[in-house]
Amino acid sequence: MSLATVSTSSSAADQSAAGTWQVPRFVRRLIVPVSLLVIWQVLASYGIINRRFSSSPVDIIAALWKLAVNGQLFDSLWISLVRAFLGLALGGSLGLLAGLVAGLSRLGEDALDSTIQAIRTLPFLGLVPLFILWFGLGETPRILLVALGTFFPIYLNVFKGIRGVEERLIELGRSYGLNRWELIRDIILPAALPNALVGLRYSLGIAWLVLVIAEQINATSGLGWLIIKASELAQTSVIMMVLAVYALIGILADAIVRLIETRALRWQRSFQGA
Amino acid sequence: MPNLASSGVALRNVSRTFGTRRVLSDIDLEIGEGEFLVIVGASGCGKSTLLKIIAGLDRGAEGEIRIEENRSIVFQDSRLLPWKLVWENVVLGLRGNRAELRRRALAALDEVNLLARADAWPLTLSGGEAQRVAIARALVRTPKLLLLDEPFAALDALTRLKMQQQVAALVEQHRLTTLFVTHDVDEALLLADRILLVEAGRIARTFDVGLNRPRNRADAGFISLRRELLEGLGVSEEDGFAAAAQPPKQSRQTRPLEVAVAAE
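Note that the structure is a prediction, hence the values are computed from the model and not measured. Along every chain, residues carry numbers that run from 1 in the direction the sequence is written. For this description, chains carry letters from A and ligands carry numbers from 1, given in the order in which they are written. Per-residue local features are limited, in this predicted model, to residues with pLDDT of at least 70; the limit for side-chain atom pairs, both in listing and counting, is 80 or more; totals at the level of whole chains, interfaces and linings are taken over all residues.

A.B. asks: Help me out: how do you make sense of the nonpolar core in this one?
C.D. replies: Generally speaking, soluble globular proteins have nonpolar side chains that are buried together. Judged by nonpolar contacts, the single largest core of 66 residues is most densely connected at Val 38, Val 90, Ala 136, Leu 147, Ala 192 and Ile 195 of chain B. Remark: residues whose backbone-derived C-beta atoms lie within 7 Å of one another are considered to be in contact. Setting aside anything within four residues of it in sequence, one finds Val 38 of chain B in contact with Phe 180, Thr 182, Ala 188, Leu 191, Ala 192 and Ile 195 of chain B. By size, the runner-up hydrophobic cluster in this structure holds 31 residues, among which are Tyr 155, Ile 188, Ile 206 and Val 210 of chain A. For this analysis, nonpolar core means a set of buried Ala, Val, Leu, Ile, Met, Phe, Trp, Tyr and Cys residues linked through C-beta atoms within 7 Å. To sort residues by burial, count the other C-beta atoms lying within 10 Å of each one's C-beta; a count of 20 or more means buried, 12 or fewer means exposed, and anything in between means partly exposed. C-beta atoms are built from the backbone.

Structure representation (structure tokens):
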């Protein structure tokens, strides 16, 4: 027992001391997903699983290639990104504005908060038929739907961030002669920024999610439309390819916000994880 | 007596109640120009409330209150804004050209020997460094009145000793009228021209500290004043209970008044 312990620990020490070749971490992390893809491909190639239902990695890459070459993929991706951006810009800035008004003044909170909380409880995707009724079949209902979805996370987090500012820092500002505007600019807004950025991250995810739904309704362009068209033609590989593109864009968007966070919050020395 | 006409602080018959609880009653207090006044008392005696009133942070008191407008305060926690660089914290609330503000901040940081950390983020400072930045922030606006609310209570004993010397030197150099609140009797004796002992919301006793500076803890006058002060606070150094509650050296250096509370 004790011998075994000694021998394993000494061999581990030998390995690191001699600089033995070790599998890099990113390779270790790739092992499981790559194996799954290989198994999937093998099962599909031997007809063990039905390619009509589940496609296969090779088919998906072929679909990606085909749509990339004929330009459909990038046209759709572009129009989806524009919709997401416009919706997020509208919903995000209104959410920021409402969060500031409600956060900074009691009167603003009384005027806005209960109404916003009430609307928030509506499952907003259920509003799709109404939005089409109200705003027609053009771009407007889609962008407004994204705006509605992205409004709440930003509003809630900005409000919470402002209300979470420590009283002792406000007291400091007052005793050092800051006027109301300086108090907001130098203390309240920077203190609320981490929360606001969390709201932005949620909003980005939601914007993308809303688009999947909004573009499948009566659209003639965008990634969601690509899925609908593929499903009519039973092109499983195209559907899966578009889903992969959605995921990829989602990861990219999140990375961008994280980059903004590390830049804007570089003063933080918070727990980095163990 | 200090020159009351030019004094920065005058309170007459000041009281403060929170609901039905009377925290301060009938406080008469004047600080002479250039005087270093220390308020000593046990936790909960009302000394911090008194400082808040003088700092203008508590406007709910009754009585006649006249306080110098040109004042700055150092809190127990340094209260640096973590999103501003050290030098930006120093000039918080000051208006003017950025280069000029930076120059002033650097000069103030130099006075507390922290020039090297001017461009650091506050969260990377130690407790003592952060408190020195807070002192630089108070001094940079050349106040007539400096208020300190237990500024060294959260620091370790060694850092506290250094900070006490530094504050004594700075106050002397700038000829500041200073009001210092503490529960540390030794700290009070090292710094004060006059000590007010606050007990249950009243000024119980006044001690004029006529000792030469820099002060020496081993000095006979220091020791006898210290005993008097502790007795005023209800702590006897020969008190077996207090000695048992905490090792004597420890209690002498850190929080003697809390031993008193525990003993009661």
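A.B. asks: What exactly am I supposed to notice about the pairing of strand β5 (residues 71-74) of chain B here?
C.D. replies: Successive side chains on a regular strand alternate, one facing one side of the sheet and the next facing the other. All names here are of chain B. A run of H or I in DSSP counts as a helix once it spans at least four residues, and a run of E counts as a strand once it spans at least two, with each numbered from the N terminus. The alternating pattern of β5 places Arg 71 and Ile 73 and Ser 72 and Val 74 on opposite faces, both of which are buried. Paired strands, as defined in this entry, are two strands with at least two bridges between them according to DSSP. As judged from the four bridges shared by β5 and strand β6 (residues 145-149), these two strands associate in the parallel manner. Considered in β6, the bridge of Arg 71 is made with Leu 145.

A.B. asks: How do you make sense of the packing of helix α8 (residues 139-163) of chain A against helix α10 (residues 180-214) of chain A when you look at a structure like this?
C.D. replies: A packed helix pair is summarised by two numbers, namely the angle formed by the two axes and the spacing between the axes. Residue and element names in this part refer to chain A. Two elements in contact, α8 and α10, have axes whose closest approach is 7 Å; the angle formed by their N-to-C orientations is 160°. Judged by the angle between their axes, α8 and α10 are roughly antiparallel. In this structure, α8 crosses over α10, and the sense of that crossing is right-handed. Any residue that is not Ala, Val, Leu, Ile, Met, Phe, Trp, Tyr, Cys, Pro, Asp, Glu, Lys or Arg is counted as polar, Gly included; the first ten are nonpolar and the last four charged. When the residues that make up the contact of α8 with α10 are grouped by side-chain class, the tally is 20 nonpolar, seven polar and two charged. Axes, fitted as lines to C-alpha atoms, cover a helix only where it is in contact. Angles between the N-to-C directions of the axes lie from 0 to 180 degrees. Between 65 and 115 degrees an angle is taken as roughly perpendicular, under 35 as roughly parallel, over 145 as roughly antiparallel, and anywhere else as oblique. Helix crossings are classified by the rotation of the near helix relative to the far one: an anticlockwise turn of less than a right angle makes the crossing left-handed, while a clockwise turn makes it right-handed.

A.B. asks: Teacher, can you tell me more about the interface of chain B and chain A here?
C.D. replies: Often the size quoted for an interface is simply the accessible area lost on bringing the parts together. In this complex, chain B contributes 13 residues to the contact, which on the side of chain A involves 14 residues. Of the residues assigned to the side of chain B that touches chain A, the class counts are nine nonpolar, two polar and two charged.

A.B. asks: Please clarify how the sheet that holds strand β1 (residues 9-18) of chain B should be interpreted in this entry.
C.D. replies: Strand pairing in a sheet relies on backbone hydrogen bonds, with the paired strands running either antiparallel or parallel. Residue and element names in this part refer to chain B. What the three strands build is an open sheet, ordered β2-β1-β4; its pairing is antiparallel. Two strands close off the open sheet at either side, each with one partner strand: β2 (21-31) and β4 (62-67). Sheet twist, expressed as the average angle between the axes of neighbouring strands with direction ignored, equals 25°. Inspection of the sheet shows β1 paired to β4 by five bridges, in the antiparallel sense. For Arg 12, the partnering residue across the bridge sits in β4 and is Glu 64.

A.B. asks: Just checking my understanding: could you explain the sheet that holds strand β3 (residues 36-40) of chain B for this structure?
C.D. replies: Residues and elements named next belong to chain B. Taken in spatial order, the six strands of this open sheet run β5-β6-β7-β3-β8-β9, and their pairing is mixed. Where the open sheet ends on each side, the last strands, each with one partner, are β5 and β9 (202-208). If you compare each strand with its neighbour and ignore which way they point, the axes differ by 20° on average. When β3 meets strand β8 (residues 194-199), the two strands line up parallel, connected through four bridges. Following the sheet pairing, Leu 37 is matched in β8 by Arg 194.

A.B. asks: So what exactly am I meant to see when it comes to the confidence of the model for chain A here?
C.D. replies: Any residue range with low pLDDT should be treated as having predicted coordinates unsuitable for detailed reading. pLDDT expresses, on a scale from 0 to 100, how confident the predictor is about each individual residue. Averaged over chain A, the pLDDT score is 87; the fraction of residues at 70 or greater is 91%. This stretch, residues 1-17 of chain A, has a pLDDT under 50; its non-local contacts, to residues over four places away or in other chains, come to one contact.

A.B. asks: How should the confidence of the model for chain B be read in this particular structure?
C.D. replies: All names here are of chain B. In the predicted model, chain B carries a mean pLDDT of 86, and 87% of its residues have values of at least 70. Within chain B, no element has a lower average pLDDT than helix α10 (residues 256-263), which sits at 42, and none a higher one than helix α2 (residues 86-90), at 97. Per-residue pLDDT stays below 50 along residues 1-5; that stretch engages in nine contacts with residues further than four places along the chain or on separate chains. Note that residues 240-264 has pLDDT below 50 and, in this model, 33 contacts with residues that lie over four places away or in other chains. Per the prediction output, this complex has pTM 0.77; the corresponding ipTM is 0.80.

A.B. asks: Explain unusual backbone geometry to me, please; I cannot follow it from the model alone.
C.D. replies: Most peptide bonds take the trans configuration, and most residues that are not glycine carry a negative phi. Cis geometry is found at the peptide bond from Arg 213 of chain B to Pro 214 of chain B, where omega equals -5°. Within the secondary structure, Pro 214 of chain B is located in the loop between β9 and α7 (220-232). Positive phi, close to 55°, is recorded for Ser 55 of chain A, a residue that is not glycine. Take Ser 55 of chain A: it is sitting in the loop between α3 (51-54) and α4 (57-69). Unusually for a residue other than glycine, Asn 113 of chain B sits at a positive phi of about 60°.

A.B. asks: For this particular structure, what's the right way to read helix α6 (residues 106-120) of chain A?
C.D. replies: For an α-helix, 3.6 residues make a turn, and residues three or four places apart therefore share a direction. Multiplying 1.5 Å by the residue count of a helix minus one yields the expected span of that helix. Spanning 15 residues, α6 of chain A covers 20 Å between terminal C-alpha atoms, matching the ideal 21 Å at 1.5 Å per step. To get the bend at any residue, fit one axis to the seven residues that end at it and another to the seven that begin at it, then take the angle between the two axes. The principal kink in α6 of chain A, of about 35°, is found at Leu 112 of chain A.

A.B. asks: Can you walk me through the packing of helix α5 (residues 72-104) of chain A against α6 of chain A in this structure?
C.D. replies: All names here are of chain A. Packing of α5 against α6 brings their axes to within 7 Å, and their N-to-C directions diverge by 130°. By the angle between their axes, α5 is oblique relative to α6. When the axes of α5 and α6 are compared, the crossing they make is left-handed. Every residue of α6 that contacts α5 at Ala 98, Val 101, Ala 102 and Leu 104 is listed here: Gly 108, Glu 109, Leu 112, Asp 113 and Ile 116. Partitioned by chemical class, the residues of the contact of α5 with α6 number six nonpolar, one polar and two charged.

A.B. asks: Hey, could you run me through α4 of chain A in this one?
C.D. replies: Residues and elements named next belong to chain A. With 13 residues, α4 ought to run about 18 Å at 1.5 Å a step, and its terminal C-alpha atoms sit 18 Å apart, in line with that. Residues of α4 that are buried: Ile 60, Ala 63 and Leu 67. One face of α4 carries all of its buried residues, which in axial projection span an arc of 60°. Residues of α4 that are exposed and angled more than 90 degrees away from the buried face: Trp 65 and Val 69. On its buried face, α4 is in contact with α5 and α12 (236-264). Just downstream of α4 lies Gly 71, where phi reads positive at about 90°. Working note: the arc is built from the helix axis to C-beta atom directions.

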